[in-house]
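These are the residues of each chain, in order.
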Amino acid sequence: MSSLPAPVLDRRLSVAPMLDWTDRHCRYFLRLLSRYTLLYTEMVTTGALIHGERERFLGFDPAEHPIALQLGGSDPQDMARCARMGADRGYDEININVGCPSDRVQNGRFGACLMAEPRLVADCVAAMKDAVAVPVTVKTRIGIDDRDSYGELLAFAGAVTDAGCDALVVHARKAWLAGLSPKENRDIPPLRYDVVEQLKRDLPNQTIAINGGIKTLDETKRFLETLDGVMIGREAYHNPWILAEADRLIFGDARRAPTRNEVLDAFLPYVERELARGTPLSAMSRHILGLFQGQPGARAWRRHLSEQAHRPGAGTEVLTAKLPPEPRP
Ligand SMILES: Cc1cc2nc3c(=O)[nH]c(=O)nc-3n(C[C@H](O)[C@H](O)[C@H](O)COP(=O)(O)O)c2cc1C
């Protein structure tokens with residue numbers, strides 16, 4: 001797989017940025033299931049990139065392309081500087097987080113609270129577009145708190161579009177900045193797919209991807225009749241196998257999808273390499289627990305990994321012991 005050239009960026013299907021989940025090990029694994037699905041990093045703050053260990057936050061394997069870096073921040077100059085770091089490091093897209101509602105994020109004046117400051121987000125987009133040649137995109141919600149009218153969403157989307165934003169990813173629910181935890185904010189506010197579809201009708205020239213609660217490629221295909229892209233988060237993490245048919249069904253690549261065992265086999269050399277660099281097995285195995293979800297024997301394999309991967313000296317033999325039988329085609 002890695003000997004093939006990286007496919008060009010195609011927004012029809014992507015896996016969402018997820019803090020603590022879509023780290024480089026997770027992305028390498030997901031890439032083994034689909035060559036084309038666009039992968040997003042976890043959110044990285046401008047502070048972490050400017051003051052922290054840059055390579056720790058930006059490092060990725062070339063096999064992960066196409067890959068988008070998600071930034072958290074709101075100072076246009078800092079955002080431009082970090083966008084340039086990302087583009088220089090080889091990212092295919094730079095995305096701004098205007099969707100995360102956690103307190104920590106609000107104190108830093110970034111994430112979903114920025115929906116109330118369309119001018120500032122537009123200034124960030126413009127500064128970043130000046131700084132890099134790769135696409136600059138925005139991930140947002142349909143509203144925050146009581147600022148959730150369609151008019152406000154359209155004004156926000158219009159402002160960032162006018163500033164040069166190359167695509168919008170819209171999580172189809174509002175966020176309550178006070179009162180709900182980030183987790184509750186991913187479940188409690190109702191999903192309003194119709195609002196995102198209306199936005200596409202009103203901004204027909206903007207590339208718009210929809211996100212929130214989408215679990216199957218069938219749903220993805222239906223959304224692609226009216227929208228430009230679908231972003232899947234939790235389902236792609238808990239049940240990564242849904243990505244295996246994405247190249248054929250969404251991107252039109254006729255090649256046969258790999259089997260679960262082939263995916264695991266292809267992951268092993270990466271795991272060996274990382275173990276040799278001192279990465280603990282559990283940092284990688286935790287992302288693959290859902291590979292056999294729904295298959296007979298999946299639970300025993302999962303339990304084995306959870307129990308054994310933390311042991312000192314644990315190696316790839318933990319991943320291949322207790323493998324569920326390969327299902328018949
Ligand atoms: C564990 C976790 C971490 C997340 N971290 C981020 C993040 O760093 N940046 C972001 O924009 N959204 C983040 N999200 C939100 C997702 O990107 C996505 O918008 C949300 O989960 C809804 O999509 P889904 O229903 O397909 O999961 C996170 C979600 C989860 C579950």
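Conventions adopted
Residues numbered from 1 in each chain as written. Predicted model: local features only at pLDDT ≥ 70, side-chain atom pairs only at ≥ 80, totals over all residues. Heavy atoms only, no water. UniProt positions renumbered as here; feature names shortened; annotations may be inferred. Axes fitted to C-alpha atoms, helices over the stretch in contact; angles between N-to-C directions. Helix = DSSP H or I, 4+ residues; strand = E, 2+ residues; numbered from the N terminus. Left-handed = near helix turned anticlockwise from the far one by under 90°. Contact = heavy atoms within 4.5 Å. Nonpolar A, V, L, I, M, F, W, Y, C, P; charged D, E, K, R; others polar. Parallel < 35°, antiparallel > 145°, perpendicular 65-115°, else oblique. Salt bridge = Lys/Arg side-chain N within 4 Å of Asp/Glu carboxyl O. Buried < 20%, exposed > 50% of the residue type's maximum accessible area, 1.4 Å probe, protein only. Pairing = 2+ DSSP bridges. Right-handed = clockwise from strand over helix to strand, strands pointing away.

The protein goes by tRNA-dihydrouridine(20/20a) synthase in an unreviewed UniProt entry, where it is assigned to Thiocapsa roseopersicina. Of the protein, the UniProt comment under Cofactor (unreviewed entry) reads exactly: "FMN".

Engineer: Lay out the packing of helix α4 (residues 76-89) against helix α6 (residues 118-131) in plain terms, naming residues and giving numbers.
Structural biologist: Across the interface, α4 lies against α6 with an axial gap of 8 Å and an inter-helix angle of 35 degrees. At the point where α4 passes α6, the crossing takes the right-handed sense. Along the contact surface, α4 presents P76, M79, A80, A83 and R84, while α6 presents L120, D123, C124, A127, M128 and A131. Here the residues of the contact of α4 with α6 sort into nine nonpolar, no polar and two charged.

Engineer: Just give me the short version of the packing of helix α1 (residues 24-31) against helix α12 (residues 260-276), but keep the residues and values in it.
Structural biologist: α12 packs onto α1 with a crossing angle of 150 degrees between their chain directions and a minimal axis gap of 9 Å. Overall, the two elements α1 and α12 adopt an arrangement that is roughly antiparallel. For the crossing formed where α1 meets α12, the hand is right-handed. Residue-level contacts link R24, H25, Y28 and F29 of α1 to V263, F267, Y270, R273 and E274 of α12. Looking at side-chain class alone, the contact of α1 with α12 contains five nonpolar, one polar and three charged residues.

Engineer: Break down the pattern of salt bridges for me, citing the residues and quoting the values.
Structural biologist: Counted under the stated rule, the structure contains 21 salt bridges. D166 is the salt-bridge partner of K129, the closest N and O atoms lying 2.8 Å from each other. Of this pair, K129 sits in helix α6 while D166 sits in the loop between α7 (150-162) and β6 (167-171), placing them 37 residues apart in sequence. A residue is classified by how much of its surface remains accessible, and K129, at 27% relative accessible area, is partly exposed. K200 is paired through a salt bridge with D228; the nearest N and O atoms lie 2.8 Å apart. With a gap of 28 residues between them, K200 in helix α8 (residues 193-202) and D228 in the loop between α9 (217-223) and β8 (229-232) connect regions that are remote in the sequence. Here K200 falls in the buried class, since its relative accessible area comes to 13%. The exposure class of D228 is partly exposed, given its relative accessible area of 27%. Taken together, the shared-partner salt bridges in this structure form one network comprising D20, D23 and R286.

Engineer: Residue-level account of the pairing of strand β7 (residues 207-211), with values.
Structural biologist: Two faces make up the sheet, and in a regular strand the side chains alternate between them. Here β7 lies mainly inside the structure; four of its five residues are buried. In the sheet, β6 pairs with β7 via five bridges, with the strands oriented parallel. Of the residues in β7, the one forming a bridge with H171 is N211. Chirality of the crossover, the property in question, places the unit of β6, α8 and β7 among those that are right-handed. As defined by bridge partners, β7 adjoins β8 across three bridges and the pair is classed as parallel. The residue of β8 that forms the bridge with A209 is G229. Remark: the β7/α9/β8 crossover connection has right-handed handedness.

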